[in-house]
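Next come the chains, spelled out residue by residue.
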Amino acid sequence: MKVYTKTGDKGTTALFGGQRVPKNHIRIESYGTVDELNSYIGLIRDQEMNPHYKDVLIEIQDRLFTVGAILATPVDKEVLKNGKLRLDIARISDQDVAYLENEIDQMDSALPPMTHFVLPGGHTTVSYCHIARCVCRRAERLATELSQTEEIDQMVIMYLNRLSDYIFVLARKLSFDLKADEIKWIPRQ
């Protein structure tokens, strides 16, 4: 398989199922942003941290490939003419969302209560988390926009929503573990 195909030279790309769409189509923006998020998760995983967090991030990266595949496949193209699924991959499930919630709860129980918004930063690894959180929120907004015009699996939106929460709590937990300053945002009077 060659890396370059030349089929996108005129500004279109193929979805799973063969349909060609402009490269700025909302579906492409959606799964492209998930790909960007996955790259930032990899950057976070490359930092020095508790190996458990790295394992969780690998699981998240795997799930994000599934999210991307779901977003790249119009619902009417998911099943082949012979009745088989075009994508022979697992879907995003309630268990995937519960996994994130469990990880959030474990980290949150070790943190002081949050009383204010916090300014992103304090340590490079924490800053990477905040960037990933923002990209995740953008992916969620784009998937939501896509769902307003085309049918998509609603578990994708739920997973992205919970993932942004996970990344935020991971940023707080890493601040705590690294003894980095967590600066509260206190609005000026």
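See the structure printed just above.
Remember, predicted model here, so these are calculated numbers, not experimental data. (Residues numbered from 1 in each chain as written. Predicted model: local features only at pLDDT ≥ 70, side-chain atom pairs only at ≥ 80, totals over all residues. Heavy atoms only, no water.)

S.K.: Would you mind showing me how to read the overall build of the chain here?
M.R.: Each helix and strand in the chain was counted, giving 5 helices and 4 strands. Traced from its N-terminal end to its C-terminal end, the chain shows the element sequence β-β-α-α-α-β-α-α-β. Looking at the 189 residues of the chain, the share that counts as buried comes to 40%. Sequence separation of 24 or more characterises 72% of the internal contacts of the chain that already satisfy a separation of 6 or more. Looking at the chain as shown, the accessible area adds up to about 11,100 Å², and 53% of this sits on carbon and sulfur atoms. (Helix = DSSP H or I, 4+ residues; strand = E, 2+ residues; numbered from the N terminus. Buried < 20%, exposed > 50% of the residue type's maximum accessible area, 1.4 Å probe, protein only. Contact = heavy atoms within 4.5 Å. Areas by Shrake-Rupley, 256 points an atom, 1.4 Å probe, with all protein chains shown as cover.)

S.K.: Please clarify how the pattern of salt bridges should be interpreted in this entry.
M.R.: If charged atoms from side chains of opposite charge come close, those side chains can pair. According to the stated counting rule, one finds 10 salt bridges in the structure shown. The salt bridge partner of Arg138 is Glu36, with a shortest N-O separation of 3.1 Å. Remark: Glu36 occurs in helix H1 (residues 26–45) and Arg138 occurs in helix H4 (residues 124–147); sequence separation between them is 102 residues. Glu36 gets classed as partly exposed once you look at its relative accessible area, which sits at 28%. Residues joined by salt bridges that share partners form a network here, namely Asp62, Arg63 and Asp96. (Salt bridge = Lys/Arg side-chain N within 4 Å of Asp/Glu carboxyl O.)

S.K.: It is not clear to me how the state of the cysteines should be interpreted in this structure. Could you clarify?
M.R.: In protein chemistry, a disulfide is the covalent bond that joins the sulfur atoms of two cysteines. Under the counting rule described, the total for this entry stands at 0 disulfides. Of all cysteine sulfurs in the structure, the one in Cys134 sits closest to Cys136, which takes part in no disulfide; the separation is 9.9 Å. Taking relative accessible area as the criterion, Cys136 reaches 0% and is therefore assigned buried. (Disulfide = S-S within 2.5 Å.)

S.K.: Please explain helix H3 (residues 94–109) as it appears in this structure.
M.R.: For an α-helix the count is 3.6 residues per turn, leaving residues at separations of three or four pointing the same way. In this model H3 runs 22 Å from its N-terminal to its C-terminal C-alpha over 16 residues, within 8% of the 22 Å that 1.5 Å per residue would give. Taken together, the buried positions of H3 are Asp96, Val97, Leu100, Glu103, Ile104 and Met107. Each buried residue of H3 lies within a common arc of 125° when the element is viewed along its axis, so the set occupies one face. Seen from the buried face of H3, the exposed residues on the opposite side, beyond 90 degrees, are Asp94, Gln95, Asp105 and Ser109. (Expected span 1.5 Å × (residues − 1). Arc of directions from axis to C-beta.)

S.K.: What am I meant to see in the environment of Arg45 here?
M.R.: Within the secondary structure, Arg45 sits in helix H1. Relative accessible area serves as the criterion here: at 26%, Arg45 is assigned to the partly exposed category. Spatially, the C-alpha atom of Arg45 lies 8.6 Å from that of Asp55, the residues being 10 residues apart in sequence. Excluding residues within four positions of it along the chain, Arg45 makes contact with Lys54, Leu57, Ile58 and Gln61. Within the structure, Arg45 has its side chain in polar contact with the side chain of Gln61 (distance 2.7 Å). (Polar contact = N/O pair within 3.5 Å; in protein donor to acceptor, adjacent residues only side chain to side chain.)

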